[in-house]
Amino acid sequence: MKSVDAHLAEILATVRPLAPLELELEQALGATLAEEVSSPVPLPPFDNSAMDGYAVRASDVSEIPVTLPVIDDVAAGSVELRAVGPGHAVRIMTGAPVPAGADAVVPVEWTNGGTVSVTIDRPVQKGNAIRRAGEDVQAGDVVLKPGTVIGAAQLGIIAGVGRRRVWARPRPRVVVISTGAELVEPGGQLARGQIWDSNSFTLTAAVREAGAEGFRAGSVGDDPAVLLDRLDTHLVRADAIITSGGVSMGAYEPVKEALSPLGTVRFEKVAMQPGMPQGFGVLGEDEVPIFALPGNPVSSYVSFMLFVRPALDKMRGLPGGLPKAVTAYVTGALRSPAGRRSYLRGVLASDGTVSPVHGQGSHQLAALASANALIVVPEDVTEVPGGAEVEVILL
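To keep things clear, this report deals only with the structure shown in the data block. (Residues numbered from 1 in each chain as written. Predicted model: local features only at pLDDT ≥ 70, side-chain atom pairs only at ≥ 80, totals over all residues. Heavy atoms only, no water.)

**Brief notes about the packing of helix H1 (residues 4-14) against helix H6 (residues 297-315)**
Worth spelling out the cut-off: Axis lines are fitted through C-alpha atoms, for helices just across the contact stretch, and the angle between N-to-C directions can take any value from 0 to 180 degrees. To qualify as a helix, a DSSP run of H or I must reach at least 4 residues; to qualify as a strand, a run of E must reach at least 2; elements of each kind are numbered from the N terminus. Oblique is the label for any angle not covered by the other classes, which are roughly parallel (under 35 degrees), roughly antiparallel (over 145) and roughly perpendicular (65 to 115). We call a crossing left-handed when the near helix sits turned anticlockwise from the far one by less than a right angle, and right-handed when that turn is clockwise. Here, residues are in contact when the closest pair of their heavy atoms is within 4.5 Å. Amino acids outside the nonpolar list (Ala, Val, Leu, Ile, Met, Phe, Trp, Tyr, Cys, Pro) and the charged list (Asp, Glu, Lys, Arg) are all regarded as polar, and Gly is one of them.
Interhelical geometry of H1 versus H6 gives an angle of 30° and a closest axis separation of 10 Å. For the element pair H1 / H6, the angle class is roughly parallel. As H1 packs across H6, the resulting crossing turns out to be right-handed. Here Val4, His7, Leu8, Ile11, Leu12 and Ala13 of H1 lie close against H6, whose contacting residues are Leu306, Phe307, Pro310, Ala311 and Lys314. Residue classes in the contact of H1 with H6 are distributed as nine nonpolar, one polar and one charged.

**Brief notes about the packing of aromatic side chains**
Where we set the bar: Any two of the Phe, Tyr and Trp rings considered here, Trp counted by its six-membered ring, make a pair once their centres fall within 6.5 Å; the pair's planes then place it as stacked at under 30 degrees, edge-to-face at over 60, or tilted in between. For a lysine, the NZ atom is tested; for an arginine, the CZ atom; a charge sits over a ring if that atom is within 6 Å of the ring centre and within 35 degrees of the ring normal.
Within the structure shown, the criterion is met by one aromatic pair. Centre to centre, the rings of Phe280 and Phe291 are 5.2 Å apart; their planes meet at 45°, and the pair counts as tilted. Of this pair, Phe280 sits in strand S20 (residues 277-283) while Phe291 sits in strand S21 (residues 288-293), and the two are eleven residues apart along the sequence. The aromatic ring of Trp110 is capped on one face by Arg122, whose charged end is 3.9 Å from the ring centroid.

**Some details on the side chain of Asn199**
As a reminder of what qualifies: Contacts described as polar in this section are N or O atom pairs within 3.5 Å, which, within protein, must combine one atom able to donate a hydrogen with one able to accept it, while residues neighboring in sequence count only if both atoms come from side chains.
Counting through the fold element by element, Asn199 comes out in helix H3 (residues 199-209). A polar side-chain atom of Asn199 sits 2.7 Å from the main-chain carbonyl oxygen of Gly295. Not counting the four nearest positions on each side in its chain, Asn199 is found in contact with Ser178, Ser244, Pro294, Gly295, Asn296, Pro297 and Ser300.

**Some points on the layout of surface pockets**
To keep things clear, this is the line we draw: As defined here, a cavity is a set of points on a 1 Å grid over the protein atoms alone where a 1.4 Å probe fits but cannot get out. A pocket is an open set with protein on both sides within 12 Å along at least five of seven lines, and residues line them when an atom is within 4 Å of a point. Grid points are joined across faces, edges and corners, and a volume is the space filled by probe spheres set on the points.
Its boundaries defined by the atoms lining it, the largest pocket holds a volume of some 440 Å³. Of all elements in the fold, only strand S13 (173-179), strand S15 (195-196) and H6 reach the threshold of two or more residues within the lining of the largest pocket. Counted as a void, the second largest pocket has a volume near 300 Å³. Forming the boundary of the second largest pocket are 16 residues, of which Arg309, Asp313, Leu322, Pro323 and Lys324 lie nearest the centre. Per element, the largest residue contribution to the lining of the second largest pocket is four residues, and it comes from H6. Considering only residue class, the lining of the second largest pocket consists of eight nonpolar, three polar and five charged.

Rendered as structure tokens:
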């Protein structure tokens, strides 16, 4: 059997990072930056008030209480030039430009809130409640580097430096298809021998959690021709395709029957549990990667975490590799088949212990749903005693 590491290495050697596109800000969330972003101006671009209050000269409020005439109001967004002379105050709002001559802002809470005159009962230091120009960013400063995933805060600074578009690698578009004549859409009635399709929902959600765009294409039966037609329909919009089911050694395996003759997809046994049967290759002129995962729900999800998610990371322009593991101490004894790397479902606690969940079968989706980690047992280990240190992958 092929090792987990060798299978992943083949996948990562095949998939390629997506080409950068110039994206509008509304399209950039989750994309990976492909250029440096710098600020053309200092941020803030001018001295402004951090609070609602009164712009004053600090020397005028050194002895308190003091009452000063209020000579003007300054709102956020004001473009008029204003000044504060000795012995005067200007009412100012948060974000408004600080008038010339003022060197402090007195918060309104320290005053009587007057509009004609204001009584101040606390002294202030120079610079109080003033945001200085360039305090956050100087003109020309690089605020984001290539390889940064654009989240909400990153999107905010891109807009904050005045950019409307940015060069970035888009989120991969991934089509998910389940196979099996026994599958019924959730909400439908089950006949004898049928089950509701959970894999397409699980995997599409996993794609989205991995920072890609997931498109659920539903399920197909056991006819290889129907599967090929469905794949052909979706190739035009897919950067990658995931199928689940139809890859084992028995009869009625539509994915193997449909794709094996093409010569671009290989089906192999990988030395892991769950998830031994795996298929991977490319389709079409654009060589779109296809991941043919096993049909048992736990097997398909574990396979996604080990093989598909790292591939999606590489397509996004990020480092690809096995999920990072932490160490923990297992609360009970574990058993694993010789020659296979096991990924047992467990619950990692805040005290650094991990407890195997009840129900380790590859079909036991409820047990997976209660887990937050995978306990890794190496290929050459068949028994792990309680209390032993183990590697754990967080889900």
